[in-house]
Amino acid sequence: MAQSPTDQCIVLPFRSERKQPFNGSGLALHFLVGNVLALHTGLKEMWFGWRVKKIFPEKASFQRFCRDAARKLDLVQISQSQRVRLWLYGNLLDQSVNLNFFDGQAPDARQAPVDLPISIDDGLVEFRTQLLKWLESLGWPMPKEQIQAALWSETISRKGLDTVGRALEGFYVYSAYGGDGPLDVLPFKNAVITAPESFMAQDLYGWALYRNQDYKSARGAFLTSLGINPAGAGAMSGLMWCGVYAKDLEEAMFWSGRKADICRQDVEAAREAGRRRYEKANQ
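Here the structure is a predicted model, which is why all the values come from computation and not from measurement. (Residues numbered from 1 in each chain as written. Predicted model: local features only at pLDDT ≥ 70, side-chain atom pairs only at ≥ 80, totals over all residues. Heavy atoms only, no water.)

## Details of the side chain of Asp203
Link 1 in the chain: Note on placement: Asp203 falls in helix H9 (residues 199-211).
Link 2 in the chain: Of the buried charged residues, Asp203 lacks a salt bridge, with Lys259 as the closest side chain of opposite charge at 11 Å.
Link 3 in the chain: Among all residues touching Asp203, those that are not within four sequence positions of it are Phe31, Phe222, Ser225, Gly234 and Ala235. (Helix = DSSP H or I, 4+ residues; strand = E, 2+ residues; numbered from the N terminus. Buried < 20%, exposed > 50% of the residue type's maximum accessible area, 1.4 Å probe, protein only. Lys, Arg positive; Asp, Glu negative; His and termini not counted. Salt bridge = Lys/Arg side-chain N within 4 Å of Asp/Glu carboxyl O. Contact = heavy atoms within 4.5 Å.)

## Considerations on the packing of aromatic side chains
When we look at a pair of aromatic rings, we describe it by the centre distance and by the angle of the planes.
Link 1 in the chain: Enumeration over the complete set of coordinates arrives at 15 aromatic pairs.
Link 2 in the chain: For the pair Phe48 and Phe62, a centre-to-centre distance of 6.2 Å together with 35° between the ring planes defines the contact as tilted. Separated by 14 residues along the polypeptide, Phe48 in the loop between helix H1 (25-37) and helix H2 (52-55) and Phe62 in helix H3 (residues 59-67) bring together distant segments of the chain. Accessibility assignment for this pair places Phe48 and Phe62 in one class, buried.
Link 3 in the chain: With a centroid separation of 6.3 Å and 90° between ring planes, the pair formed by Phe101 and Trp134 is classed as edge-to-face. Here the residue Phe101 occupies a position in strand E4 (residues 96-103), and Trp134 occupies one in helix H5 (residues 125-137), the gap between them amounting to 33 residues. Accessibility classification places Phe101 together with Trp134 in one group, the buried group.
Link 4 in the chain: A connected cluster of aromatic rings, assembled from ring pairs, spans Trp207, Tyr210, Tyr215, Phe222, Trp241 and Tyr245.
Link 5 in the chain: Across the ring face of Trp152, the terminal group of Arg128 is positioned such that the distance to the ring centre comes to 4.5 Å. (Phe/Tyr/Trp six-rings, centres within 6.5 Å; stacked < 30°, edge-to-face > 60°. Lys NZ or Arg CZ within 6 Å of the ring centre and 35° of its normal.)

## Considering the packing of H1 against helix H7 (residues 158-177)
Link 1 in the chain: Put simply, H1 and H7 touch, their axes get as near as 6 Å, and they point 80° apart. In terms of orientation, H1 and H7 fall into the roughly perpendicular class. Two secondary-structure elements touch here, H1 through Ser25, Leu27, Ala28, Leu29, His30 and Phe31 and H7 through Arg158, Leu161, Asp162, Val164, Gly165, Leu168, Glu169 and Tyr172.
Link 2 in the chain: Taken together, the residues that form the contact of H1 with H7 break down as 8 nonpolar, 3 polar and 3 charged. (Axes fitted to C-alpha atoms, helices over the stretch in contact; angles between N-to-C directions. Parallel < 35°, antiparallel > 145°, perpendicular 65-115°, else oblique. Nonpolar A, V, L, I, M, F, W, Y, C, P; charged D, E, K, R; others polar.)

## Observations regarding unusual backbone geometry
Link 1 in the chain: Backbone geometry places Arg83, a non-glycine residue, at a positive phi of 55°.
Link 2 in the chain: In this fold, Arg83 is placed in the loop between helix H4 (75-82) and strand E3 (86-92).
Link 3 in the chain: Residue Arg83 is classed as exposed on the basis of its relative accessible area, which comes to 74%.
Link 4 in the chain: Look at Lys247: it is not a glycine, yet its phi comes out positive at around 60°.
Link 5 in the chain: Structurally, Lys247 can be placed in the loop between helix H11 (233-245) and helix H12 (249-262).
Link 6 in the chain: The class for Lys247 is exposed, based on a relative accessible area of 60%.

## Remarks on the layout of surface pockets
Where empty space is left can be seen by rolling a probe of water-molecule size over the atoms.
Link 1 in the chain: What the largest pocket holds in volume is close to 1,200 Å³.
Link 2 in the chain: Forming the walls of the largest pocket are 43 residues, and the residues nearest its centre are Glu45, Trp47, Trp50, Ser237 and Lys259.
Link 3 in the chain: Looking at the lining of the largest pocket, the elements with two or more residues in it are strand E1 (9-11), H1, H7, H9, H11, H12 and helix H13 (267-281).
Link 4 in the chain: The residue inventory of the lining of the largest pocket, partitioned by class, reads 25 nonpolar, 11 polar and 7 charged.
Link 5 in the chain: Along the wall of the second largest pocket there are 20 residues; nearest its centre are Lys72, Leu73, Leu75, Tyr89 and Asn100.
Link 6 in the chain: Of all elements in the fold, only E3 and E4 reach the threshold of two or more residues within the lining of the second largest pocket.
Link 7 in the chain: In terms of residue count, the dominant contributor to the lining of the second largest pocket is E4 (4 residues).
Link 8 in the chain: The residue inventory of the lining of the second largest pocket, partitioned by class, reads 10 nonpolar, 5 polar and 5 charged. (1 Å grid on protein atoms, 1.4 Å probe; cavity = no way out; pocket = protein on both sides within 12 Å on 5 of 7 lines; lining within 4 Å. Points joined across faces, edges and corners; volume = space filled by probe spheres on them.)

## A short note on H9
Link 1 in the chain: Between the first and last C-alpha of H9 there are 18 Å, a value that for 13 residues agrees with the 18 Å anticipated at 1.5 Å per step.
Link 2 in the chain: Of all 13 residues in H9, 12 are buried; the element is thus mostly enclosed.
Link 3 in the chain: When we look at burial in H9, the residues that qualify are Phe199, Met200, Ala201, Gln202, Asp203, Leu204, Tyr205, Gly206, Trp207, Ala208, Leu209 and Tyr210.
Link 4 in the chain: Tucked inside the fold, the buried residues of H9 contact H1, H7, helix H8 (186-194), helix H10 (215-228) and H11.
Link 5 in the chain: The N-cap of H9, judged by a side-chain oxygen 3.2 Å from the amide nitrogen of Met200 a few residues on, is Ser198.
Link 6 in the chain: Phi for Gln213, located one or two positions after H9, is positive at around 65°. (Expected span 1.5 Å × (residues − 1). Polar contact = N/O pair within 3.5 Å; in protein donor to acceptor, adjacent residues only side chain to side chain.)

## A short note on empty space enclosed by the protein
Link 1 in the chain: Within the structure shown, the criterion is met by 2 cavities of 30 Å³ or more.
Link 2 in the chain: In this model, the largest cavity occupies a volume close to 80 Å³.
Link 3 in the chain: Together, 12 residues line the largest cavity, and Ser16, Phe22, Asn23, Cys66 and Arg67 are the ones closest to its centre.
Link 4 in the chain: For the lining of the largest cavity, the secondary structure elements donating two or more residues are strand E2 (15-16) and H3.
Link 5 in the chain: Class assignment of the residues belonging to the lining of the largest cavity gives a composition of 5 nonpolar, 4 polar and 3 charged.
Link 6 in the chain: Size it by volume and the second largest cavity reaches roughly 40 Å³.
Link 7 in the chain: In this structure, the second largest cavity is lined by Cys9, Leu37, Leu43, Leu86, Leu88, Phe101, Leu135 and Trp140.
Link 8 in the chain: Looking at side-chain class alone, the lining of the second largest cavity contains 8 nonpolar, no polar and no charged residues.

Take a look at the structure:
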């Protein structure tokens, strides 16, 4: 399969196969995979959070999708309407995620799914190692120089996964559909308390604080997350935007360039993009 740096990939939330009370673990693992794919130089970064409302026009439809694996999406239609080529989707099992692959340029092709072990004890390293092996078997190998960065130790318990996923759902809902007043940061604080050594928990807490325009505190959370995962591209984006809105041009340009370096992109072009974002926001 020929690769192009413009190919976009979205990771959908992973859902439970059985009818049982909602568990946030599928959303947390979806978030983990998204952070891995952000480092894949053969794909164009495409965070699910940017597209929530476009894929699910109503909040209820999004929440139903997260809670019911029987609900299906017409990926052929959505791939065309969103102009996104590649999609990863799957179901959360007791000890693994059953993951599927859809290519909008070959919608009739059927790729064998994979069961990714939920390897809590090793910081979810085996989970991601098997993910990368599977992607390579499909013709989308992670460049070797990026593999180590994608395998940071994500120290988190099962309860931590649930807590992070619940907070993430709240973030998606607030960002896509709005809310009354500021975003409630309590679920994000609970995620950090439950999983203090989790990149995902700290990064998500940073984004919640950023959403509430507490840029100083958000910056601290993002820096904490990067202490756990130095290749956290999403956290670097957050730091760039904190620089923009805190009116710190050098901060905005530094983190824009740093993210580009991690993602093997043009650093000077990224720094200039950071400058333009700053000037647009502060004109």
